[in-house]
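These are the residues of each chain, in order.
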Amino acid sequence: MSTKNNRSEARISEIRNIRKIEISVDDLFDGIKARQKTELGRAITLVESNNTVHHEAAQELIERCLSLQTSSVRIGITGVPGVGKSTFIETFGKNLTKLGKKVAVLAVDPTSTQNKGSILGDKTRMQKLSQDPNAFIRPSPAGESLGGVAQKTREAIVICEATGYDVILIETVGVGQSEVAVHGMVDFFLVLKLSGAGDELQGIKRGILEMADAVVINKADGDNITKADLAVKEFTRALHLYPPKKNGWVPKVAACSAIENSGIEEIWNMIDDYIAKQKESGFLKELRQEQNKYWLLQTIENRLVTDFYQNDKIKKELKKQINAVTKGSTSPFRAANELLRLTKKI
Ligand code: GDP
């Protein structure tokens, strides 16, 4: 009996695998054009797949999606755990769907595989927004490297846009270089902060203020309002010390309460104003062109690295070389040279 069960389980999994492989790009693309959420989810799963069998179908789908003319706003949101990112995104997203917009929420969380359980994904998040028919929420793709995770999120953006989502929110927890990666894929970069006791600028990651198009002090409610106002002043002063941005935008500082939905409408108005100005000046187009160039180079790097480590000959030789380096019988540089030499023979 149990053998029979095992056999039928094996058969079911075999059928599933075949189904997984036989994904029809035509069907997925039809679903995307028909703006179906389930097909959008399936399309992103295809793009996220590490199975090389899926790569070609994924690329074809992305190309078709790119051929559709879309006009969306891409917003990056970062902040330390507990600052209120998910609460903010939920309130902000609900406000946007009320305005008739379709909102997609994606994430870049490189800890999702390193820590078994991501910082962003391990709690029940954005429940109200996830039930909204005009919102789509997708947790961070899992991946070995930030480069891989970011690449998949970028491709997911294209698919969401093709499915008719007009505001794409990309959340990141700010581990390692993830903010830089997200900054490189969005039109507007928003940094969420908490008000402290006058030491706002301490502990802020270097470089983050330079990237910010807006700093928003969250939890400006109850007893916190005065402190939040002080934080707004301090950040405004600090941001003025930076040289002006190439696009002429002076980063804005604002306060809000994601829980009470106060100050949130103003944040959207600010972003809307920014987008209008950047479109008019042609900077938005230029920015996206620059980003595409950057992603072209990133894709090459990622692909080279992935292909390298997935190659069977390299895998075997790598084990040998790691062993030799550990024993001290070769240097890491000589070992690397040996391995790289192999790529020329492959
Ligand atoms: P995340 O880790 O950055 O996603 O933060 P969460 O959205 O999970 O929020 C962390 C905690 O802060 C939760 O207990 C929220 O209820 C609370 N929180 C979030 N936004 C606000 C706010 O505007 N005001 C107050 N008082 N609490 C908030």
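Here the structure is a predicted model, which means the values were calculated and not measured.

A. Seen up close, the overall build of the chain. When you go through the chain residue by residue, the secondary structure sums to 15 helices and seven strands. For the chain, buried positions account for 47% of its 346 residues. Put simply, of all contacts in the chain between residues at least 6 apart along the chain, 77% involve residues at least 24 apart. Of the roughly 19,200 Å² that the chain leaves accessible, carbon and sulfur atoms contribute 52%.

B. Geometry of the site of the ligand. In the vicinity of the ligand lie 16 residues, with Gly-82, Lys-85, Thr-87, Asp-221 and Ala-258 positioned nearest. Measuring from an oxygen atom of the ligand, one finds a side-chain N or O atom of Ser-86 at 2.9 Å. Thr-87 is positioned with one of its side-chain polar atoms (N or O) 2.5 Å from an oxygen atom of the ligand. Protein contact buries 72% of the 580 Å² of open area that the ligand shows by itself. Counting residues per element, the shell around the ligand draws most heavily on helix H5 (residues 85-98), which supplies three residues. Broken down by class, the residue content of the shell around the ligand amounts to five nonpolar, six polar and five charged.

C. Spatial organisation of the sheet that holds strand S5 (residues 188-194). One open sheet holds the seven strands; their spatial order is S3-S2-S4-S1-S5-S6-S7, and the pairing between them is parallel. Across the chains shown, the open sheet's two edge strands, defined by having one partner strand only, are strand S3 (135-137) and strand S7 (252-255). Recorded for the sheet is a direction-independent mean angle of 20° between the axes of neighbouring strands. Relative to S7, strand S6 (residues 214-218) runs parallel, the two sharing four bridges.

D. Region of interest: the pairing of S6. A large share of S6 lies buried, amounting to five of its five residues. Along S6, one buried face is formed by Ala-214, Val-216 and Asn-218 and the opposite face, lined by Val-215 and Ile-217, is buried too. In the sheet, S5 pairs with S6 via five bridges, with the strands oriented parallel. When the sheet's bridge partners are listed, Leu-192 is paired in S6 with Val-216. For the handedness criterion, the β-α-β arrangement of S6, helix H11 (residues 225-240) and S7 is classed as right-handed.

E. Structural detail: the nonpolar core. Leu-61, Cys-160 and Ile-170 are the most contacted members of the largest nonpolar core, which has 50 residues in total. Of the residues forming this core, the biggest block, eight residues, is contributed by helix H8 (residues 146-162). Lining this core are residues from two domains, each supplying at least three of them: domain 1 (2-66) and domain 2 (73-280). If sequence neighbours within four positions are ignored, Leu-61 has contacts with Val-25, Leu-28, Phe-29, Ile-32, Ala-43 and Leu-46. With 31 residues, the next largest nonpolar core counts Ile-75, Phe-92, Trp-249 and Ile-267 among its residues.

F. Representation of the packing of H5 against helix H12 (residues 264-281) in the model. As a packed pair, H5 and H12 sit with axes 10 Å apart at the nearest point and diverge in direction by 70°. Taken together, H5 and H12 sit at an angle that is classed as roughly perpendicular. Where H5 crosses over H12, the handedness of that crossing is right-handed. Within the contact between the two elements, H5 uses Phe-88, Thr-91, Phe-92, Asn-95 and Leu-96 and H12 uses Ile-264, Glu-265, Ile-267, Trp-268 and Ile-271.

G. Quick peek at a nonpolar patch on the surface. A cluster of nonpolar side chains, contributed by Leu-296, Leu-297, Ile-300 and Leu-304, occupies part of the molecular surface with about 410 Å² of accessible area. By secondary structure assignment, the location of Leu-297 is in helix H13 (residues 283-310). On the basis of relative accessibility, which here comes to 52%, the residue Leu-297 falls in the exposed class.

H. Quick look at helix H15 (residues 332-345). For H15, built from 14 residues, the straight-helix expectation of 20 Å at 1.5 Å per residue is met to within 8% by its first-to-last C-alpha distance of 21 Å. All of the buried residues along H15 are Ala-335, Leu-339 and Leu-342. All buried residues of H15 lie within an arc of 50° about the axis, which places them on one face of the element. What points out from H15, more than 90 degrees from its buried face, is the exposed set Phe-333, Arg-334 and Lys-344. Its buried side turned inward, H15 meets H13 and helix H14 (312-327).

I. Structural context of the pattern of salt bridges. Considering all chains together, one arrives at 13 salt bridges under this definition. Asp-187 serves as the salt-bridge partner of Arg-288, at 2.8 Å between the closest nitrogen and oxygen. With Arg-288 in helix H13 and Asp-187 in the loop between helix H9 (178-183) and S5, this pair connects stretches of sequence that are 101 residues apart. A salt bridge links Asp-312 to Lys-315; the shortest N-O distance between them is 3.8 Å. Remark: Lys-315 and Asp-312 occur in helix H14; sequence separation between them is three residues, near one turn of the helix. A relative accessible area of 57% places Asp-312 in the exposed class.

J. Layout of the packing of aromatic side chains. By the definition in use, this model includes eight aromatic pairs. Measuring from centroid to centroid gives 6.3 Å for Phe-188 and Trp-249, while their planes differ by 75°, and the two rings are edge-to-face. With Phe-188 in strand S5 and Trp-249 in the loop between H11 and S7, this pair connects stretches of sequence that are 61 residues apart. Each member of the pair, Phe-188 as well as Trp-249, is classed as buried. Measuring from ring centre to ring centre gives 5.1 Å for Phe-308 and Tyr-309, while their planes differ by 90°; the resulting arrangement is edge-to-face. Of note, Lys-102 hangs over the ring of Tyr-165, and the distance from its end group to the ring centre comes to 4.7 Å. Lys-252 extends its terminal NZ or CZ atom over the ring of Trp-249, reaching a point 3.9 Å from the ring centre.

Reading guide: rules and limits
Residues numbered from 1 in each chain as written. Predicted model: local features only at pLDDT ≥ 70, side-chain atom pairs only at ≥ 80, totals over all residues. Heavy atoms only, no water. Helix = DSSP H or I, 4+ residues; strand = E, 2+ residues; numbered from the N terminus. Buried < 20%, exposed > 50% of the residue type's maximum accessible area, 1.4 Å probe, protein only. Contact = heavy atoms within 4.5 Å. Areas by Shrake-Rupley, 256 points an atom, 1.4 Å probe, with all protein chains shown as cover. Near = heavy atom within 4 Å. Polar contact = N/O pair within 3.5 Å; in protein donor to acceptor, adjacent residues only side chain to side chain. Nonpolar A, V, L, I, M, F, W, Y, C, P; charged D, E, K, R; others polar. Pairing = 2+ DSSP bridges. Axes fitted to C-alpha atoms, helices over the stretch in contact; angles between N-to-C directions. Right-handed = clockwise from strand over helix to strand, strands pointing away. Core = buried A, V, L, I, M, F, W, Y, C linked by side-chain atoms within 4.5 Å. Domains from an automatic or database assignment. Parallel < 35°, antiparallel > 145°, perpendicular 65-115°, else oblique. Left-handed = near helix turned anticlockwise from the far one by under 90°. Patch = residues over 30% accessible without salt bridge, like charges linked within 9 Å, V, L, I, M, F, W, Y side chains within 5 Å. Salt bridge = Lys/Arg side-chain N within 4 Å of Asp/Glu carboxyl O. Expected span 1.5 Å × (residues − 1). Arc of directions from axis to C-beta. Phe/Tyr/Trp six-rings, centres within 6.5 Å; stacked < 30°, edge-to-face > 60°. Lys NZ or Arg CZ within 6 Å of the ring centre and 35° of its normal.

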